[in-house]
Each structure stands twice: as structure tokens, then as C-alpha cells.
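# A closer look at the structure
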Amino acid sequence: MKKRKVKVGIVGLGRLGYHHAKNLAFRIPGCELIAVCSVVEEEVKEVQEKWGIPYGYTDYDEMLGNREMEAVFIASPSAFHCEQIEKALKAGFHVFSEKPIGLSPAEAERVEKAVSRYPDQVFMPGFMRRFDRSYSDAKKMMDRGEIGDPVLIRCYGLDPAGQMDSFLKYAKNHDSGGLFLDMAVHDFDLACWFLNAEPEEVWAIGGSYARPEFAGLGDAETGAAMVRFSGNRMGIFVAGRNCAHGYHIETEIIGTKGSLRIGTVPEKNQVMIFNETGVVKQCVDGFLERFEQAYLSEAEEFIRCILEHRRPPVRVQDGIKPTLLGYACKKSFETASLVRMKSIAPAGK
């Protein structure tokens, strides 16, 4: 008997969207990618011709009229996520959306309300690090009590310096939400997940050091935040776009009986080079390389949830917490002041 496949359409065919589309088209047995959408017509034509995708669109609303689809994968620029989530749910589709689910508390609330209106549809926000084997193993160790009670989490999220030109070009045309919502939101998600705690207070600072163009965009090239969580737990976060040695994602959790570290050396593989400069290990050069397995695993989970009629392990509430925390850090950075989470919660919260 032929197994059923979930027919999916994707919006956004940039660097990450193209990677998602390739996974959906070729690497997930229970999935069939039948539609692609991008405002860049050349991207649509290229993917359709190369992979034999039957439907291509430059208009998202038009794609939502395709009743052969069952699910929509959102990998468009961040500023479009909230509206596109709402429209896809209203049209009757299961929805996966890349982070963040919105760029403000009001947008986060809109998404939460939209998801609650359609309880029979699967909605899953994209936080791929939860599906990375190292991070998921660390979470299991913590849940077994191997480091006691966690009291502090320290996160570094640093993009390669060589990608700054590309990002600046992107940021001039799209609202990314800024450093804390665009990059550190993954670390904020991990903090809430690992500490099992709610953020309460935020102090964030940052600046533009190698590239003053970031300041002109109202953003930071490198930033840091200190967060007090419930239970007096602590979080220290560093995010930056000027990492000379490559893509560096590092997490440390300190507990009452020990600590865990993930990614202290962002090594590409197990090869070490011995030469006149010393002993050198090559580093990964981007997020697609470091989290290749995790991106595939989260997409597989989304498809399985649809096929098995069950809720995903990452839910809309998990998307709201880091979004609000990212927004609070953005506000703290912009106003040079301590921000209490209660002051930025959506109305009625």
C-alpha cells in the first residue's frame, strides 16, 4: 500500500528557505513539496525547473488558494511571519514558521490567538536547536538531575565576519527585528527550555565597532544581555555578527552539582592541522552547516505530527517567550535602561 504524503508549499527561497525546500523535496519520506513561493521570480523558476515542482508563485495569497496543499512552511523575512501565519491558518493549512513568530508583543499575541482559533491544525515554530543531538542530549542530562539545579546559562551566538556585507544588504530592505530578535532569539528559547523558568528583568547593551553601518540601521553589530529569570536564575547572552574564526554557537549551563558545555570549540570535524602556525582546527562557517541535522529533524517532526494527528513538542507558547524576551532586549538596548518583562507583555497578559 502506498503511504500517504503530506503535500506542502513553502514561502521564502532565500538561503534558509532554499535549504528547507530541499529537505522537504528530497529528504523526508512522508512529505511532498508541490508548491514554492518567492517575490523573486527567478528563484521560483529555478527551483521548479531543477526539482520538478508543479506549482510556483510570486504571490503568497495566490499560493494559499492551492487546495492540493495541506501545509505551509514559512521561511520568508521575519517581518512577514505574523501575517503569513494568520492567513495560512485561516485558509485551513497546518503551519510551520521560522523564528521569530513576530517582531513585537502585539504580533506575538496575534499569532497566539490565531493558533488558538484553529486547534485541529498543527502549528510549529522553528527552533531547530531543540532538535540538535547535542542540545537534546544536554536537556535529557539536566532532566535526570546530572548537574543539580540549574542556576545560570551563558550563551554565545556569533555569525561569521565574512557575512556582514550580505546581512547589511539584506537589512536595508527587510526589518530583521535587530540583533536580539533575529539572532539571540534562539539562545533565549534554549534558556527558557533548559532553565524551565520565566524571564523577569532584562539589561541589554551593544554597539557597532567594526562596521558603523549597523548603528545607522538602529541595530548593534555586537550586543550583550543579562537576564534575571524566575527563581533568581541568571542568563548571560552575547550575540554578534563579527566573528573572525567562523560561526560560533556556545552554551554553558551551571548547576548546583556541575555544569554542561555545548559547542565550546565550533569544530568542523575531527581533523587537526599541525604546521608552522601551531595546531589548528577548522571551524564551521555557517548555521546551515552546524545545524544541518537539526533543520532536517524539526521538519520531519512537523510532518510526522500531521500524519499522526498529534501536537508538536514545540508549541506556539514556546515561540512567544523568546520573542517577548528578544523584544525586551531590543527595548533595553535602545533606551539604555532596565526593562521588566511585565512592561512589555501584550495587553491583557
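See the structure above.
One structure accompanies this document, and this report is about it. Owing to the predicted nature of the structure, the values given are computational and were not obtained by experimental measurement.

## Overview of the sheet that holds strand E6 (residues 123-126)
Here we have 6 strands laid out as an open sheet, ordered E3-E2-E1-E4-E5-E6, and parallel in their pairing. One side of each edge strand has no neighbouring strand; the edge strands of this open sheet are strand E3 (55-57) and E6. Within the sheet, the average angular offset between the axes of one strand and its neighbour, ignoring direction, is 20°. Bridge analysis of strand E4 (residues 71-74) against strand E5 (residues 94-98) gives 4 bridges, and the strand direction is parallel. When the sheet's bridge partners are listed, Ala-71 is paired in E5 with His-94. Along the sheet face, helix H1 (residues 15-26) touches strand E1 (6-11), strand E2 (31-37), E4 and E5 and points at about 170° away from the line of E1. Across the sheet, helix H12 (residues 292-308) is in contact with E1, E2, E4, E5 and E6; its angle to E5 comes to roughly 165°.

## Some thoughts on the pattern of salt bridges
Oppositely charged side chains are able to pair whenever their charged atoms sit close together. Applying the stated criterion to the full structure yields 32 salt bridges. Residues joined by salt bridges that share partners form a network here, namely Lys-99, Asp-159, Asp-182 and Arg-241.

## Topic: the state of the cysteines
Counted under the stated rule, the structure contains 0 disulfides. Free of any disulfide, Cys-31 has its nearest cysteine sulfur in Cys-305, 13 Å distant. With no disulfide of its own, Cys-192 lies 10 Å from the sulfur of Cys-155, the closest cysteine sulfur. For Cys-192, a relative accessible area of 9% puts it in the buried group.

## Here's the deal with the side chain of Arg-211
Looking at the element boundaries, Arg-211 is found in the loop between strand E8 (199-207) and helix H10 (213-216). Engagement of the side chain of Arg-211 in a polar contact is seen with the side chain of Asp-165, the distance being 2.8 Å. Among the polar contacts made by the side chain of Arg-211, one reaches the side chain of Glu-213 at a distance of 3.0 Å.

## So, the pairing of strand E7 (residues 150-160)
Of all the 11 residues making up E7, 9 are buried; the element is thus mostly covered by neighbouring parts of the structure. Note that E7 and strand E11 (residues 248-255) share 8 bridges and pair antiparallel. Opposite Leu-152, over in E11, you have Ile-254 as the bridge partner. One ladder, built from 8 bridges, connects E7 with strand E10 (residues 233-243); its direction is parallel. Residue pairing for E10: Arg-154 is matched across the bridge by Ile-236.

## A few points about the environment of Val-265
Inspection of the secondary structure assignment puts Val-265 in the loop between strand E12 (259-262) and strand E13 (267-275). Separated by 33 residues in the primary sequence, Val-265 and Glu-298 have C-alpha atoms spaced 24 Å apart.

## Examining the sheet that holds strand E15 (residues 339-340)
Reading across the sheet, the 7 strands line up as E12-E11-E7-E10-E9-E8-E15 and stay open at both edges, with mixed pairing between neighbours. Single-partner strands in this sheet number two, and they are E12 and E15. Sheet topology note: the E11/E12 ladder contains 4 bridges and is antiparallel. Opposite Glu-252, over in E12, you have Arg-261 as the bridge partner.

## Quick word on the environment of Met-69
Mapped onto the secondary structure, Met-69 falls in the loop between helix H3 (60-64) and E4. The class for Met-69 is buried, based on a relative accessible area of 5%. Sequence separation between Met-69 and Ile-34 is 35 residues, and the spatial gap between their C-alpha atoms is 7.4 Å.

## Some details on helix H6 (residues 133-143)
Listed in full, the buried residues belonging to H6 are Tyr-135, Ser-136, Ala-138, Lys-139 and Met-142. Viewed end-on, H6 has its buried residues packed into an arc of 155°, placing them on one side of the element. By the N-cap criterion, in which a side-chain oxygen at the helix start approaches the backbone nitrogen of a residue two or three places on, H6 is capped by Asp-132, the distance to Ser-134 being 3.1 Å.

About the thresholds
Residues numbered from 1 in each chain as written. Predicted model: local features only at pLDDT ≥ 70, side-chain atom pairs only at ≥ 80, totals over all residues. Heavy atoms only, no water. Pairing = 2+ DSSP bridges. Helix = DSSP H or I, 4+ residues; strand = E, 2+ residues; numbered from the N terminus. Axes fitted to C-alpha atoms, helices over the stretch in contact; angles between N-to-C directions. Contact = heavy atoms within 4.5 Å. Salt bridge = Lys/Arg side-chain N within 4 Å of Asp/Glu carboxyl O. Disulfide = S-S within 2.5 Å. Buried < 20%, exposed > 50% of the residue type's maximum accessible area, 1.4 Å probe, protein only. Polar contact = N/O pair within 3.5 Å; in protein donor to acceptor, adjacent residues only side chain to side chain. Arc of directions from axis to C-beta.

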